[in-house]
Amino acid sequence: MQKVLLTVLTLVLVSTLGFAEMKLKLISDFTGETNSSFISNNLESNLQLNLPSEVTPPADMMELVKGLMLLGVLGDVSFPMGNDSGFKHIAGTGWSGHLEFSYMVSPAFRLAFRGGYINFGKQTEEGPGYSYEDTYSQIPLLIGGYYMIPTGSGFKPYVGLAIGVFFETYAVNWTEDYGVGDPFTLDDSFTATGFGVVPAIGAYYIAGKVLVQLAVEYTYIFSDGPTATYDYSYYYELEKANGVAQDQTTYEEPTDKASYFSVLLGVSFPVGK
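Since the model is a prediction, treat every value here as computed from it, not as a measurement. (Residues numbered from 1 in each chain as written. Predicted model: local features only at pLDDT ≥ 70, side-chain atom pairs only at ≥ 80, totals over all residues. Heavy atoms only, no water.)

## Quick look at the overall build of the protein chain
From N to C terminus, the protein chain includes four helices and 11 strands. Buried residues in the protein chain amount to 32% of all 273 residues. Taking the intrachain contacts of the protein chain between residues at least 6 apart in sequence as the baseline, contacts between residues at least 24 apart amount to 67%. (Helix = DSSP H or I, 4+ residues; strand = E, 2+ residues; numbered from the N terminus. Buried < 20%, exposed > 50% of the residue type's maximum accessible area, 1.4 Å probe, protein only. Contact = heavy atoms within 4.5 Å.)

In structure tokens form, the structure reads like this:
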């Protein structure tokens, strides 16, 4: 008995499905619509549903494709790291401008070349008989690789690392006058070349044909900065005549290794396409 009932139910189900398919085919032949479009139209009309169409980016939105070249203008503010007797002693908050050329090796990987100028804030110190004024600046030349995290939208976060050469300049304007002999003055600049790394995390936002960039970077230079050296022989002779021991005729003040965080903002435009 169970086998008979199962056989009857199977026949009814198969015939019902066959009849429904034939009905849809007749309707589509009559209206010229496909089955899927007919079903969609009836769902929208009977259930008042608006079925979403395929999501597509705006027609004027730039695509990050292989071979795309970008030219960017960047600016940032930099905050020196370290203690007050090290790099922060000679460098205040820095401001900079950069030019950057980028090449999309693939839709997810960007190769960038950057050159710029960073001018750190002037540091001053005054006391009885002396005044010190220190100025520090850099010209960085960098090459970096950046991975663009896929999002399917115009927001493109990225992580990356740059390496490069830093041309450093340390300028001083010092005066010492203790009322004995002529005042000692030093107004000079000293240079050094260092190698460093710049890890970064940031994001692009594609606004039509323009890429807006926001990032945080950390710069670390492996070698010590330029050293201020001056002749101390005048004071040596003066102190020697007054019976005060002096064990050196020159004095050096190193700037320590430079390291700083930067907050960067920029825009880039496509070139060559």
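## Details of the packing of aromatic side chains
Applying the stated rule across the entire model yields 11 aromatic pairs. Look at Phe 87 and Phe 120: their rings are 5.7 Å apart centre to centre, the planes differ by 80 degrees, and that puts the pair in the edge-to-face class. One end of the pair, Phe 87, is in helix α3 (residues 87-90); the other, Phe 120, is in strand β3 (residues 109-120), with 33 residues separating them in the sequence. Look at Phe 87 and you get buried, because its relative accessible area is 1%. (Phe/Tyr/Trp six-rings, centres within 6.5 Å; stacked < 30°, edge-to-face > 60°.)

## A closer look at the pattern of salt bridges
Within the structure shown, the criterion is met by five salt bridges. For Arg 110, the salt bridge identified is with Glu 100, shortest N-O distance 3.3 Å. Of this pair, Arg 110 sits in strand β3 while Glu 100 sits in strand β2 (residues 94-106), placing them 10 residues apart in sequence. Judged by relative accessible area, which is 2%, Glu 100 ranks as buried. Ionic pairing is found between Lys 122 and Glu 133, a salt bridge with its closest N-O pair at 3.8 Å. Pair noted here: Lys 122 is in the loop between β3 and β4 (123-127) and Glu 133 is in strand β5 (residues 130-148), with a separation of 11 residues, a long-range link. The network of salt bridges with shared partners includes Glu 100, Arg 110, Arg 114 and Glu 217. (Salt bridge = Lys/Arg side-chain N within 4 Å of Asp/Glu carboxyl O.)

## With respect to the side chain of Ser 96
Looking at the secondary structure, you find Ser 96 in strand β2. Of the residues examined, Ser 96 reaches a relative accessible area of 14% and is grouped as buried. Among the polar contacts listed, one links the side chain of Ser 96 to the side chain of Asp 76, at a separation of 2.5 Å. Within the structure, the side chain of Ser 96 is placed 3.0 Å from the side chain of His 98, a separation counted as a polar contact. Look past the residues within four positions of Ser 96 in its chain and what remains in contact with it is Leu 74, Gly 75, Asp 76, Tyr 117 and Ile 118. (Polar contact = N/O pair within 3.5 Å; in protein donor to acceptor, adjacent residues only side chain to side chain.)

## Some remarks on the pairing of strand β1 (residues 69-80)
Two elements, β1 and β2, share 10 bridges in a ladder whose sense is antiparallel. Within β2, the residue paired with Leu 70 across the bridge is Ser 102. Sheet analysis places β1 next to strand β11 (residues 259-271), joined by 12 bridges and oriented antiparallel. Within β11, the position partnered with Gly 75 by the bridge is Leu 265. (Pairing = 2+ DSSP bridges.)

## Looking at the nonpolar core
Here is a general trend for soluble globular proteins: nonpolar side chains tend to be buried in one another's company. In this structure, Leu 64, Phe 87, Phe 120, Tyr 136, Val 172 and Leu 211 are the most contacted members of the largest nonpolar core, which totals 34 residues. Elements represented by at least two residues in this core include exactly α3, β3, β5, β6 (155-176), β7 (184-207) and β8 (210-221). Element by element, the count of residues in this core is highest for β7, at seven residues. Contact partners of Leu 211, with chain neighbours within four places excluded, come to Met 62, Leu 64, Leu 70, Tyr 204, Tyr 205, Ile 206, Gly 266, Val 267 and Ser 268. (Core = buried A, V, L, I, M, F, W, Y, C linked by side-chain atoms within 4.5 Å.)

## Things to note about the environment of Gly 121
Counting through the fold element by element, Gly 121 comes out in the loop between β3 and β4. Apart from the residues lying within four places of it in its own chain, the contact partners of Gly 121 are Ile 90, Ala 91, Gly 92, Thr 93 and Gly 94.

## As for the confidence of the model for the protein chain
Taken over all residues, the pLDDT of the protein chain has a mean of 78, while the share at 70 or more is 66%. Within the protein chain, the lowest mean pLDDT, 47, falls on helix α1 (residues 2-31), and the highest, 97, falls on β3. Between residues 51-57, whose pLDDT stays under 50, and residues either more than four places distant or in other chains, the model counts two contacts. (pLDDT = per-residue confidence, 0-100.)

## Quick look at the pairing of β5
In this structure, β3 lies alongside β5, joined through nine bridges in antiparallel fashion. Across the sheet, Asn 119 pairs through a bridge with Ser 137, a residue of β5. Where β4 folds back on β5, the antiparallel hairpin that results is connected by two residues, among which Gly 129 adopts a positive phi of roughly 85 degrees. In this sheet, β6 lies alongside β5 in antiparallel orientation, the contact comprising 17 bridges. Across the sheet, residue Ile 139 finds its bridge partner in β6, namely Phe 167. Adjacent in sequence and paired antiparallel, β5 and β6 are bridged by six residues, among which Gly 152 carries a positive phi angle near 75 degrees.

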